[in-house]
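Report on the structure
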Amino acid sequence: MHRWFLIALTAVFALALAGCSPVMRFHGYAPDDGLLADIEIGRDTRETVAEKIGRPGLTGVMEGSAWYYVQSDWRHEGWRPPVEVKREVVTISFDGGGRVSNIERFGLEQGEVVALSRRVTSPGLTSGTILRQLFSNIGQFNPAQMLGGR
């Protein structure tokens, strides 16, 4: 009897430990620098970019605006709410002729948006408001909303 109790207690303890190990979930897609190196500024168009790296999840609303590729990495630990541990945004801007003018990668460092890499021909990203919106949602994720709850 004592032996079965120890086996059951060990099994329960092992299951409890397994439930506490973190699970990583990855949402979205941000192409890596190797794929972005294939895109030529001033030469590639929306169609050739879509062939090389795919279409983005977000686009600007103005004609000739940028494409935004967003990737978020979340850590789920047991009963705790998920925590976003990394977010990257790749922005590909187009000029008036529909050709690539800028390629920029942004990330977060201590809560601040920082440029991780940049290949540009113009002064910089002109639509900073969408980047602010993309990064401002950090920590406001509620998994119950995805499941239909409040």
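Residues numbered from 1 in each chain as written. Predicted model: local features only at pLDDT ≥ 70, side-chain atom pairs only at ≥ 80, totals over all residues. Heavy atoms only, no water.

Focus: the pairing of strand E3 (residues 67-76)
With seven of ten residues buried, E3 is to be regarded as a mostly interior element. Here six bridges tie strand E1 (residues 23-28) to E3, and the two strands are oriented antiparallel to one another. Counted as the bridge partner of histidine 27 is serine 72 from E3. The sheet contact formed by E3 and strand E4 (residues 83-94) spans nine bridges and is antiparallel. Considered in E4, the bridge of tryptophan 74 is made with glutamate 84. Counting the residues between successive antiparallel strands, the hairpin from E3 to E4 contains six residues, one of them, glycine 78, with a positive phi of roughly 55°. (Buried < 20%, exposed > 50% of the residue type's maximum accessible area, 1.4 Å probe, protein only. Helix = DSSP H or I, 4+ residues; strand = E, 2+ residues; numbered from the N terminus. Pairing = 2+ DSSP bridges.)

Observations concerning a nonpolar patch on the surface
A cluster of nonpolar residues, Met24, Phe26, Val83 and Val85, forms a patch on the protein surface that exposes about 350 Å² of accessible area. For the nonpolar patch, the elements supplying multiple residues, two or more each, are E1 and E4. Along the chain, methionine 24 falls in strand E1. (Patch = residues over 30% accessible without salt bridge, like charges linked within 9 Å, V, L, I, M, F, W, Y side chains within 5 Å. Areas by Shrake-Rupley, 256 points an atom, 1.4 Å probe, with all protein chains shown as cover. Salt bridge = Lys/Arg side-chain N within 4 Å of Asp/Glu carboxyl O.)

A closer look at the pattern of salt bridges
On inspection of all chains with the given rule, the structure shows seven salt bridges. Notably, a salt bridge pairs arginine 105 with aspartate 33, separated by 3.2 Å at the nearest N-O pair. Residue arginine 105 is found in strand E5 (residues 100-109), and its partner aspartate 33 is found in helix H2 (residues 33-36); the two are separated by 72 residues along the sequence. A salt bridge links arginine 75 to glutamate 77; the nearest nitrogen and oxygen atoms lie 3.1 Å apart. Each member of the salt-bridge network shares a partner with another, and the members are Asp33, Lys86, Glu88 and Arg105.

Describing the environment of aspartate 44
By the element assignment, aspartate 44 lies in the loop between H2 and helix H3 (46-53). For aspartate 44 and valine 100, which are 56 residues apart along the polypeptide, the C-alpha to C-alpha distance reads 5.7 Å. Those residues within four positions of aspartate 44 in sequence are excluded, and the remaining contacts are Asp38, Ile39, Val49, Lys52, Gly98, Arg99 and Val100. (Contact = heavy atoms within 4.5 Å.)

Some words on the confidence of the model for the protein chain
When pLDDT is averaged along the protein chain, the result is 76; 61% of the residues meet or exceed 70. Looking across the protein chain, the model is least confident in helix H5 (residues 143-146), with a mean pLDDT of 50, and most confident in H3, with 94. (pLDDT = per-residue confidence, 0-100.)

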